[in-house]
Amino acid sequence: MKKIPLLLFLWGICIPLFAQTYTVESVPNPKDRGNGYVSDPTNIFSTTEKDLLNRLIASIEDSSTIQIAVVMLPSIGDENPKGFTSELFQKWGIGQADKDNGMLILTVMDQRRTE
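Just so you know, these numbers come straight off a predicted model, no measurement behind them. (Residues numbered from 1 in each chain as written. Predicted model: local features only at pLDDT ≥ 70, side-chain atom pairs only at ≥ 80, totals over all residues. Heavy atoms only, no water.)

Draft legend 1. Broad picture of the nonpolar core. Counting 14 residues, the largest nonpolar core has Val27, Val71, Leu73, Phe84, Leu88, Trp92 and Leu104 as its most contacted members. Every element with two or more residues in this core is listed here: strand E2 (67-73), helix H4 (81-92) and strand E3 (102-108). Non-local contacts of valine 27, meaning those with residues more than four positions away in its chain, are made with Tyr22, Ser39, Val71, Leu73, Phe84, Leu88 and Trp92. In this structure, Tyr37, Val38, Ile68 and Val70 belong to the second largest nonpolar core, which totals five residues. (Core = buried A, V, L, I, M, F, W, Y, C linked by side-chain atoms within 4.5 Å. Buried < 20%, exposed > 50% of the residue type's maximum accessible area, 1.4 Å probe, protein only. Helix = DSSP H or I, 4+ residues; strand = E, 2+ residues; numbered from the N terminus. Contact = heavy atoms within 4.5 Å.)

Draft legend 2. Representation of the pattern of salt bridges within the structure. All chains considered together, the criterion is met by three salt bridges. Across the pair glutamate 25 and lysine 91 runs a salt bridge whose closest N-O atoms are separated by 4.0 Å. A residue pair is termed long-range when its members are at least 10 positions apart, and glutamate 25 in the loop between helix H1 (3-18) and helix H2 (30-33) and lysine 91 in helix H4 qualify at 66 residues. Its salt-bridge partner being lysine 50, residue aspartate 40 comes within 3.6 Å of it at the nearest N-O pair. (Salt bridge = Lys/Arg side-chain N within 4 Å of Asp/Glu carboxyl O.)

Draft legend 3. Focus on the sheet that holds E3. Overall, mixed pairing links the four strands, which are arranged E1-E2-E3-E4 in an open sheet. A single partner strand is all that each edge strand has here, and the edge strands are strand E1 (38-39) and strand E4 (113-114). As defined by bridge partners, E3 adjoins E4 across two bridges and the pair is classed as antiparallel. Bridge pairing in E4 places threonine 107 opposite threonine 114. (Pairing = 2+ DSSP bridges.)

Draft legend 4. Structural detail: helix H3 (residues 47-64). When the terminal C-alpha atoms of H3 are compared, their 26 Å separation across 18 residues agrees well with the 26 Å that a helix rising 1.5 Å per residue should span. The set of residues buried in H3 consists of Lys50, Asn54, Ile57 and Glu61. One side of H3 holds all its buried residues, which, seen down the axis, span an arc of 75 degrees. Across from the buried face of H3, at angles greater than 90 degrees, the exposed residues are Thr48, Leu52, Arg55, Asp62 and Ser63. Contacts from the buried residues of H3 go to H2, E1 and E2. Positive backbone phi, approximately 70 degrees, marks threonine 65, located one or two places after H3. (Expected span 1.5 Å × (residues − 1). Arc of directions from axis to C-beta.)

This is the structure:
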């Protein structure tokens, strides 16, 4: 019974030490690479999951013009995920300004946050 809290403690300490930290400038834009709507540089999602998400988001954009990007990152250091999301959203220019139809979903694993 005591092993589980110890393992969770060690996991909580070790993950941030080994996680690559990303900045707004270093997050790969999936549109630049021609591989859809999902930016997952450390493969948190499986290839099958990414393909499914890319097909789903493409279908949504085709039928409604809504533009969605999904970003999965192991770490953004001490950055605030909400501010990071806003900066990345602006940098990538998601959505059409006159329609207000963009959405960015960012998950930061070491902070256990999704914005």
